[in-house]
Structures are given as structure tokens and as C-alpha cells.
Amino acid sequence: QVQLVESGGGLVQAGGSLRLSCVASGSIYRIDSMGWYRQAPGKQREKVASITSGMHTDYTDSVKGRATISRDSAKNTVYLKMNSLKPEDTAVYYCYAEVVSPRLYKNGYWGQGTQVTVSS
């Protein structure tokens, strides 16, 4: 099995910054894509950013220019740095990883989520 553990959420004032971290552990041979999603109250979960094993990144339009996703493949860790935070960034942020097991099976895993609240 694989576990993803996020950290770094909390209460931030509008205009502030934060950095989320997510560490994957368990039965891992390789991690392909990693990403961050978020879900605000009453809304569907949406992708915020993703990064491939080749370091190709992708961002949703609402965070472009304000967010940076990065990863440390040696540590099975993905980060999300967000600047100029807005109240509409308030959501539970979830880490996602496509993990290949030692038996070469690929599965997607989710973290438990970390709350980010941006006050105006």
C-alpha cells in the first residue's frame, strides 16, 4: 500500500503565501505524475497543478502566475508554493500521485487533505 501525507495548510491572510508538502511512502517502485487538487465547500474537486516525472508542469488558469509545483523524486515529495493568495483559494487541498508498485502495477493514490483558509 501507499500513503500520501500532506502538510503546510492553515490560515493565511489574503495576499500571503504558503507552501504545501506531500510525502509518499509505502510500496513504491516509481512515481509518475504527482499533483495537487482542491475542493471548496459546495464545489467539485478541481486540479490545481501537476508535475510529471520529467518535470513537465501544468496549472489551472486561476493559479497561473501565482503557484509553483515542484517535486523531489528522491524523497517522493511534491510541493505547491502559492503566492498572492485570494479568499477564493480557500479549500481542502489534496495531493495525488500515480504510483508504480514493485510488481509494476500503476495506481492512483490520494492524501487525506489539508485545509487552506484565506481570510480577506
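What counts as what
- Residues numbered from 1 in each chain as written.
- Predicted model: local features only at pLDDT ≥ 70, side-chain atom pairs only at ≥ 80, totals over all residues.
- Heavy atoms only, no water.
- Pairing = 2+ DSSP bridges.
- Helix = DSSP H or I, 4+ residues; strand = E, 2+ residues; numbered from the N terminus.
- Axes fitted to C-alpha atoms, helices over the stretch in contact; angles between N-to-C directions.
- Buried < 20%, exposed > 50% of the residue type's maximum accessible area, 1.4 Å probe, protein only.

Some remarks on the sheet that holds strand β1 (residues 2-7)
Paired through their backbone hydrogen bonds, the strands of a sheet run either parallel or antiparallel.
Then step 1. A sheet is described by the order of its strands in space; here 4 strands give the open sequence β1-β3-β8-β7, paired in antiparallel fashion. For this open sheet the edge positions go to β1 and β7 (67-72), each flanked by a neighbour on one side alone. Along the sheet, successive strands turn relative to each other by an average axial angle of 15°, direction set aside.
Then step 2. When β1 meets strand β3 (residues 18-26), the two strands line up antiparallel, connected through 6 bridges. Bridge assignment links Val-2 to a residue of β3, and that residue is Gly-26.

Focus on the pairing of β7
Then step 1. On β7, burial follows the alternation: Ala-67, Ile-69 and Arg-71 on one face are buried, whereas Thr-68, Ser-70 and Asp-72 on the facing-out side are not.
Then step 2. Connecting β7 to the next strand, strand β8 (residues 77-82), in antiparallel fashion are 4 residues, including Asn-76 with a positive phi near 50°.

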